[in-house]
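The residues making up each chain are set out below.
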Amino acid sequence: MSELSLNWKKLSSKISKKPSQTRPSLAKSKTQGRQNVMKTSRVSKALLINVNSHYSASSQSSPSSKDKSSLASRNASSIQKMLWTRDNNFKAQVDAEVIVNSPDDKRLEPGKYLAMDCEFVGIGKDGEHNALARVSIVNFFGHVIMDEYVRPKARVTDFRTSISGVAPWHLKDATPFDDVQKKVSALIKDRILVGHAIANDLECLQLSHPRRMLRDTVSCSEYRKVAGGRSPSLRKLMQHFFKINIQDGEHSSVEDARATMLLFRRAKDDIERNMERRN
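Not measured: the values here are computed from a predicted model.

Reading the values: rules and limits
- Residues numbered from 1 in each chain as written.
- Predicted model: local features only at pLDDT ≥ 70, side-chain atom pairs only at ≥ 80, totals over all residues.
- Heavy atoms only, no water.
- pLDDT = per-residue confidence, 0-100.
- Contact = heavy atoms within 4.5 Å.
- Helix = DSSP H or I, 4+ residues; strand = E, 2+ residues; numbered from the N terminus.
- Buried < 20%, exposed > 50% of the residue type's maximum accessible area, 1.4 Å probe, protein only.
- Core = buried A, V, L, I, M, F, W, Y, C linked by side-chain atoms within 4.5 Å.
- Salt bridge = Lys/Arg side-chain N within 4 Å of Asp/Glu carboxyl O.
- Arc of directions from axis to C-beta.
- Phe/Tyr/Trp six-rings, centres within 6.5 Å; stacked < 30°, edge-to-face > 60°.
- 1 Å grid on protein atoms, 1.4 Å probe; cavity = no way out; pocket = protein on both sides within 12 Å on 5 of 7 lines; lining within 4 Å.
- Points joined across faces, edges and corners; volume = space filled by probe spheres on them.
- Nonpolar A, V, L, I, M, F, W, Y, C, P; charged D, E, K, R; others polar.

Topic: the confidence of the model for the protein
In step 1: Looking at the protein, pLDDT values average 77 and 67% of them are 70 or higher.
In step 2: Across residues 18–31, where pLDDT falls below 50, the model places 1 contact with residues more than four positions away in sequence or in other chains.
In step 3: Below a pLDDT of 50 lies the segment residues 37–75, which in the model reaches 11 contacts outside its immediate sequence neighbourhood of four places, other chains included.

What follows is the structure, encoded as structure tokens:
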């Protein structure tokens, strides 16, 4: 036998001794595939349960409408709570949740008495002249009937933001003066208008109102005594009679209008008697 034949036999013998590396059967591949799919499905289902549980927990922890009302109640000011009472005895403050949850309450209507307060910006050289920039009107119970930013006719030279609370962006899309003037005029018609130095507000609005329909807390003799016979500030009166601080920093015409109504209601009988004597 030739040397080539011997080598071929040795090689064939080695090959036959190696274990066969056959491909897995089709049935086995399908079985493994189903097992992998089931395993993946179980993992996906577990993940889905975890995700759903997360969102379920989140939805349970998010505040309901009632919770939001309670939150609004806690944030309601002391002035709002006192004004919401029907009488003028402010010792027992009403839970402000009543305010939030009373859309059909008659106390949300304008009613007979309205309190108004305005914020001004400066126009002219060095901003020395007043121009109306915001007007707020509340009813007898402190509910906001109107609150509008006003675009002055003249160029604003001093926004007085640190006091007025009015910034340039407030007036960018503000209501034109003439439109606000008409709206206020229609609203206060045939109603008693309450204010603190109300003549200043009416002057800037370029409006008049019958004297018999005006109530000014500045003219109340009891309040003037607090200021030593001079015109008392709204801030001082609120601190003196109610121990409430207002106008800390930037003013809010809504808060000031409510404070004015609160002071009026406190001394309402005396103020009305003085008006009767004058008329």
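That covers the picture; the talk isn't over yet.
Quick look at the environment of R86
In step 1: Along the chain, the position of R86 falls in the loop between α4 (78–83) and α5 (97–100).
In step 2: Considered as a pair, R86 and R107 are 21 residues apart in the sequence and their alpha carbons are 8.9 Å apart.
In step 3: When sequence neighbours within four positions are dropped, the list of residues in contact with R86 reads D105, R107, F141 and R265.

As for the environment of G249
In step 1: Looking at the secondary structure, you find G249 in the loop between α11 (234–242) and α12 (253–266).
In step 2: Looking at G249, the relative accessible area reads 45%, which means it is partly exposed.
In step 3: Not counting residues up to four positions away in its chain, the partners in contact with G249 are S162 and I163.

Focus on the nonpolar core
Most often, soluble globular proteins keep nonpolar side chains buried together rather than apart.
In step 1: With 30 residues, the main nonpolar core has I79, M238, F242 and M261 as its most contacted residues.
In step 2: At 6 residues, the largest contribution of residues to this core is made by α12.

Side note on the pattern of salt bridges
In step 1: On inspection of all chains with the given rule, the structure shows 9 salt bridges.
In step 2: Across the pair D178 and K153 runs a salt bridge whose closest N-O atoms are separated by 3.2 Å. Of this pair, D178 sits in helix α8 (residues 177–188) while K153 sits in the loop between β3 (144–151) and β4 (156–158), and the two are 25 residues apart along the sequence.
In step 3: Residue classification places D178 among the partly exposed positions, given a relative accessible area of 35%.

Re helix α13 (residues 268–278)
In step 1: Where α13 is concerned, the buried positions are K268, I271, E272 and M275. Buried residues of α13 fall within an arc of 95° about the axis and therefore sit on the same side. Opposite its buried face, α13 presents the exposed residues D269 and R277, each directed more than 90 degrees away.
In step 2: Against the buried residues of α13 lie β1 (113–123), β7 (214–216) and α12.

Some words on the packing of aromatic side chains
In step 1: Evaluation of the coordinates by the stated rule reveals 5 aromatic pairs.
In step 2: Measuring from centroid to centroid gives 5.4 Å for Y113 and F264, while their planes differ by 40°, and the two rings are tilted. A residue pair is termed long-range when its members are at least 10 positions apart, and Y113 in strand β1 and F264 in helix α12 qualify at 151 residues. We note that Y113, like F264, is buried.
In step 3: Here the aromatic cluster, defined as three or more aromatic residues joined through ring pairs, consists of W84, Y113, F140, F141 and F264.

Examining the environment of I123
In step 1: Among the secondary structure elements, I123 is positioned in strand β1.
In step 2: Residue classification places I123 among the buried positions, given a relative accessible area of 16%.
In step 3: The sequence separation of I123 and P152 amounts to 29 residues, and the corresponding C-alpha distance is 8.8 Å.
In step 4: Apart from the residues lying within four places of it in its own chain, the contact partners of I123 are E128, H129, N130, A131, A154, R155, V156 and T157.

Brief notes about the layout of surface pockets
Where empty space is left becomes clear once a probe the size of a water molecule has been rolled over the atoms.
In step 1: Here the largest pocket defines a volume of roughly 370 Å³.
In step 2: At the level of elements, β1, α6 (161–164), α9 (198–205) and α11 are the ones that each hand at least two residues to the lining of the largest pocket.
In step 3: In terms of residue count, the dominant contributor to the lining of the largest pocket is β1 (4 residues).
In step 4: In terms of residue class, the lining of the largest pocket is made up of 5 nonpolar, 7 polar and 6 charged.
In step 5: Taken as a whole, the second largest pocket holds about 150 Å³ of empty space.
In step 6: Together, I123, N130, A131, L132, P152, K153, A154, F177, C204 and Q206 line the second largest pocket.
In step 7: Sorting elements by how many residues they give to the lining of the second largest pocket places strand β2 (residues 129–139) first, with 3 residues.
In step 8: For the lining of the second largest pocket, the class distribution of residues is 7 nonpolar, 2 polar and 1 charged.

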